[in-house]
Amino acid sequence: MHTLTKLYAKKMFRQKLIYIFFACFLTASFCYSFLISSPQMEEMLNIDIAIVGEENFPEFMMRFYIGTVGILFQVFLLTLYICNEDRTKMLYQPLLHGVSRGRMIKSKVLVAVGMSMIFVLFVAIINYITAFMMWGYSIFEIEAFMRTVVKYVLSGAYMSCVTLGMIALCIGTRNTWKTIVITIIYMILDSFVCSTNVLFLKKIWMGYYPHLWMFSYEYQEIPFKDVIWGISIMVIYGLFFYRFARNKIKKLDF
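Residues numbered from 1 in each chain as written. Predicted model: local features only at pLDDT ≥ 70, side-chain atom pairs only at ≥ 80, totals over all residues. Heavy atoms only, no water.

Engineer: Can you walk me through the overall build of the protein in this structure?
Structural biologist: In terms of helices and strands, the protein carries 11 helices and 0 strands. A buried classification covers 47% of the 254 residues belonging to the protein. Within the protein, contacts between residues at least 6 apart in sequence are counted, and of these 78% link residues at least 24 apart. Summed over all atoms, the accessible surface of the protein reaches about 13,300 Å², with 70% contributed by carbon and sulfur. (Helix = DSSP H or I, 4+ residues; strand = E, 2+ residues; numbered from the N terminus. Buried < 20%, exposed > 50% of the residue type's maximum accessible area, 1.4 Å probe, protein only. Contact = heavy atoms within 4.5 Å. Areas by Shrake-Rupley, 256 points an atom, 1.4 Å probe, with all protein chains shown as cover.)

Okay, here's the thing in structure tokens:
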């Protein structure tokens, strides 16, 4: 691994927000797994524990992370990680030892995207730990377990694409609050697009595919064609976000 990439990875892991967030997520997941098992909560939440519990619990919980919680967590973390460096002039100052700004932003992107995949893994571990405490080994029923693993991997791909978009926003706006506001607008727009009946719009919208995978095919296998098409759309968006960030970095003044 490149020295600069290692440096940025260490800097990312020093962010206290990461540990606070996952401590809160662990607590919430733990409490929720027990609350949904009570008859009163089943009636209040209008859920069926036979459907959302046991081997289906980790898949059921994932929707909260990729739908709202994870995206908000990522945008706050990335604005601290990138916009703060822009404010302190670290993002575009001349670099020592001949390291280019292109190499610098590439390392930042690699770390941020890698972290988004690792965070999905953390979520999976947390959900399986809490599910195991509640239902024991029944959560590892092979068919449900493999289906859930595939959905977590696909969710990680989506979160990586969202992360690239946030990086592009951070560099493009060079403002923390603008980045956060635009991200919230994206989430509102995502909800609208996923609920609309305009199929063409859905097909070209990157946020439609995690919704399709986690809701339309909830507790079911995802058809291969929907996986391929969704990943292809995300790759196109991801490349666009990356090129946009690289071009913006080249235009920054010394």
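Next comes the rest of the description.
Engineer: For this particular structure, what's the right way to read the environment of V52?
Structural biologist: Turning to its location among the elements, V52 is positioned in helix α4 (residues 49-52). A C-alpha to C-alpha distance of 8.7 Å links V52 and I36, two positions 16 residues apart in sequence. Not counting chain neighbours up to four residues away, the residues in contact with V52 comprise I36, I47, F57, F60 and Y219.

Engineer: Explain helix α8 (residues 176-195) to me, please; I cannot follow it from the model alone.
Structural biologist: Since there are 3.6 residues in each turn of an α-helix, residues three or four apart along the chain are aligned in direction. Between the first and last C-alpha of α8 there are 29 Å, a value that for 20 residues agrees with the 28 Å anticipated at 1.5 Å per step. Considered for burial, the residues of α8 that qualify are T179, I180, T183, Y186, M187, D190, V193 and C194. The buried residues of α8 occupy an angular sector of 145 degrees when the element is viewed end-on, so they sit on one face. Of the exposed residues in α8, those oriented more than 90 degrees away from the buried face are W177, I188, F192 and S195. (Expected span 1.5 Å × (residues − 1). Arc of directions from axis to C-beta.)

Engineer: What exactly am I supposed to notice about the environment of F145 here?
Structural biologist: If you trace the backbone, F145 turns up in helix α7 (residues 142-173). The class for F145 is partly exposed, based on a relative accessible area of 25%. Taking the C-alpha atoms as reference points, F145 and N56, separated by 89 residues in sequence, lie 8.4 Å from one another. Aside from chain neighbours lying at most four places away, what touches F145 is Y128 and F140.

Engineer: Explain the packing of α7 against helix α10 (residues 208-216) here, please?
Structural biologist: Think of two packed helices as two axes; the pair is described by the angle between the axes and how far apart they sit. Running from amino to carboxyl end, α7 crosses α10 at an angle of 160 degrees, the nearest separation of the two axes being 10 Å. Relative to α10, α7 is oriented roughly antiparallel. Note that α7 runs across α10; the crossing there is left-handed. Along its contact with α7, which presents K151, L154, S155 and Y158, the element α10 presents P210, W213 and M214. (Axes fitted to C-alpha atoms, helices over the stretch in contact; angles between N-to-C directions. Parallel < 35°, antiparallel > 145°, perpendicular 65-115°, else oblique. Left-handed = near helix turned anticlockwise from the far one by under 90°.)

Engineer: I would appreciate a short explanation of unusual backbone geometry in the present structure.
Structural biologist: Note: most residues except glycine have negative phi, and most peptide bonds are trans. Phi at E54 takes a positive value of approximately 50 degrees, unusual for a residue other than glycine. Even without being glycine, Y219 reaches a positive phi, approximately 60 degrees. Mapped onto the elements of the fold, Y219 is located in the loop between α10 and α11 (224-251). Residue Y219 is classed as buried on the basis of its relative accessible area of 18%.

Engineer: Which parts of the structure should I look at to understand the side chain of K151?
Structural biologist: Here K151 lies in helix α7. Overall, the relative accessible area of 2% leaves K151 in the buried class. Reaching out from K151, the side chain makes a polar contact with the backbone oxygen of W213 at a distance of 3.4 Å. In this structure K151 touches E59, W213, M214, Y217, E218, Y219, Q220 and I222, once residues within four positions along its chain are discounted. (Polar contact = N/O pair within 3.5 Å; in protein donor to acceptor, adjacent residues only side chain to side chain.)

Engineer: Could you clarify how one ought to interpret the packing of aromatic side chains in this entry?
Structural biologist: Aromatic ring pairs: the centre-centre distance and the angle between the two ring planes describe each pair. Enumeration according to the criterion identifies 26 aromatic pairs in this entry. Between F119 and F122, the ring centres sit 6.3 Å apart and the planes meet at 40 degrees, which makes this aromatic pair tilted. Of the two residues, F119 and F122 both sit in helix α6 (residues 101-135), 3 residues apart, roughly one turn of that helix. What makes F119 buried here is its relative accessible area of 0%. Arranged with centres 6.1 Å apart and planes meeting at 40 degrees, the rings of Y237 and F241 form a pair that is tilted. (Phe/Tyr/Trp six-rings, centres within 6.5 Å; stacked < 30°, edge-to-face > 60°.)

Engineer: Explain the side chain of T163 to me, please; I cannot follow it from the model alone.
Structural biologist: Here T163 shows up in helix α7. Residue classification places T163 among the buried positions, given a relative accessible area of 0%. Beyond its immediate stretch of four places on either side in the chain, T163 contacts Q74, L78, A112, V113 and S116.

Engineer: I would appreciate a short explanation of the packing of α7 against α8 in the present structure.
Structural biologist: It is at 9 Å that the axes of α7 and α8 come closest, and there the two elements cross at 140 degrees. In terms of axis orientation, α7 runs oblique to α8. For the element pair α7 and α8, the recorded crossing hand is right-handed. Along the contact surface, α7 presents Y158, M166, L169, C170 and T173, while α8 presents K178, T179, I182, T183 and Y186. Class assignment for the residues of the contact of α7 with α8 results in 6 nonpolar, 3 polar and 1 charged. (Nonpolar A, V, L, I, M, F, W, Y, C, P; charged D, E, K, R; others polar.)

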